[in-house]
Amino acid sequence: MSRADVRGEPVEESEARAPGTVPGPGPGAVRSPSPLWSFGLLRSELLITFRRWRTLALLAVLAAVPILVGIAVKIETSDGSSLGGGGGGGEGPAFISQISNNGLFLVFTALAATLPFFLPMAIGVVAGDAIAGESSAGTLRYLLVAPAGRSRLLLTKYATVIAFCLAATLVVAVSALAVGALLFPVGDLITISGTRITYAEGLGRALLIALVVAASLVGVAALGLFVSTLTGSGIAAMATTVGLLITVQILDQIPQLDALQPYFFSHYWLSFADLMREPVYWDDLVKNLGLQALYAAVFGSAAWARFTTRDITA
């Protein structure tokens, strides 16, 4: 029986996800998916994810943040005065105070501004909808009819969310780079340590920082995917994931919890600023990447255990 016969409606989105598959293998028919089929499934997932209006809206909001920050700094410094707030530590305020001197610092400022909330929220929405959205739309059953297997489908979903992590981070960085070059002078820049590096080296460090920021979100992606396997409602999964993100951010600011805070996935997020030191200070960067790998392993395994054992009814 075909999918259209079962649901009484035409085959639409999920059939595009499994190109070249047969929607109803006969009794005893076992197909082992080829690597080419798996790449086709991943390609289809990527196309569907990045063509959604919700995804495009999230990327548009992320791209708008550097524009707003750049315009605000330009207006504030239009009379020739310098922007205040250069606290130590090399985080957002310190970078903001340098934007008027070199537009490349807008990249670092935009990433510091979006990482605590905007970027993880966007990741949480996409990850939370990965499995639960299919279930609420009634397409998850039909994806599993194809010879993908639950483990392969879950891995494909996670790879798609990771791709969105990278795309979202690069959108922020590229938008900030363009706005910074348009509104402010560019050239050699001064690191947090006070040493001078060339603009080309600064671009290289900006790219490295963007990659580190994207890697800092893999734990959130795994958490969102796990939540997505717990419910059949895409909206509930997205809301729960975003709620957990906000809760962890609040807990990370309570001094009485300082013994637990190093284990929160957000605790070392802003350590990417250490890449702007000379020499680079690696300790917190390594801790951050190790913590993200731990969260990815724990919640990825939990998502696999849940998804491979649950009854799929939709």
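So, a few notes on the structure that sits alongside this text. (Residues numbered from 1 in each chain as written. Predicted model: local features only at pLDDT ≥ 70, side-chain atom pairs only at ≥ 80, totals over all residues. Heavy atoms only, no water.)

One pass over the structure, following the stated rule, counts seven aromatic pairs. Between Phe50 and Phe164, the ring centres sit 6.1 Å apart and the planes meet at 40°, which makes this aromatic pair tilted. With Phe50 in helix 3 (residues 35-51) and Phe164 in helix 9 (residues 150-183), this pair connects stretches of sequence that are 114 residues apart. For the pair Phe117 and Phe118, a centre-to-centre distance of 5.6 Å together with 75° between the ring planes defines the contact as edge-to-face. Assessed through its relative accessible area of 38%, Phe117 is described here as partly exposed. The partly exposed category is assigned to Phe118, whose relative accessible area is 31%. (Phe/Tyr/Trp six-rings, centres within 6.5 Å; stacked < 30°, edge-to-face > 60°. Helix = DSSP H or I, 4+ residues; strand = E, 2+ residues; numbered from the N terminus. Buried < 20%, exposed > 50% of the residue type's maximum accessible area, 1.4 Å probe, protein only.)

It is worth spelling out the side chain of Gln261 at this point. In this fold, Gln261 is placed in the loop between helix 12 (234-251) and helix 13 (283-309). A polar contact of 3.2 Å, which involves the side chain of Gln261, links it to the backbone oxygen of Asp252. (Polar contact = N/O pair within 3.5 Å; in protein donor to acceptor, adjacent residues only side chain to side chain.)

Following the criterion strictly, the structure yields six salt bridges and no others. The closest approach of N and O atoms between Asp129 and Arg54, which form a salt bridge, is 2.7 Å. Remark: Arg54 occurs in helix 4 (residues 53-76) and Asp129 occurs in helix 7 (residues 118-137); sequence separation between them is 75 residues. Under the relative-accessibility criterion, Arg54 is labelled partly exposed at 34%. Residues Glu278 and Arg205 are paired through a salt bridge, measuring 2.3 Å at the closest nitrogen-oxygen approach. Pair noted here: Glu278 is in the loop between helix 12 and helix 13 and Arg205 is in helix 10 (residues 199-215), with a separation of 73 residues, a long-range link. Through salt bridges with shared partners, one network takes in Glu45, Glu134 and Lys157. (Salt bridge = Lys/Arg side-chain N within 4 Å of Asp/Glu carboxyl O.)

What follows deals with helix 10. With 17 residues, helix 10 extends 24 Å between its outermost C-alpha atoms, agreeing within 8% with the 24 Å of an ideal straight helix rising 1.5 Å per residue. Considered for burial, the residues of helix 10 that qualify are Gly202, Arg205, Ala206, Ile209, Ala210, Val212, Val213 and Ala214. (Expected span 1.5 Å × (residues − 1).)

On to the nonpolar core. Counting 75 residues, the largest nonpolar core has Phe108 and Phe272 as its most contacted members. The element contributing the most residues to this core is helix 9, with eleven residues. If sequence neighbours within four positions are ignored, Phe108 has contacts with Phe95, Leu189, Gly202, Ala206, Ile209, Phe272 and Met276. (Core = buried A, V, L, I, M, F, W, Y, C linked by side-chain atoms within 4.5 Å. Contact = heavy atoms within 4.5 Å.)

Let us look at the environment of Leu251. Topologically, Leu251 is positioned in helix 12. Using a relative accessible area of 29% as the deciding quantity, one classes Leu251 as partly exposed. Taking C-alpha positions, Leu251 is 8.7 Å from Phe264, a pair spaced 13 residues apart along the chain. In this structure Leu251 touches Leu257, Gln261 and Phe264, once residues within four positions along its chain are discounted.

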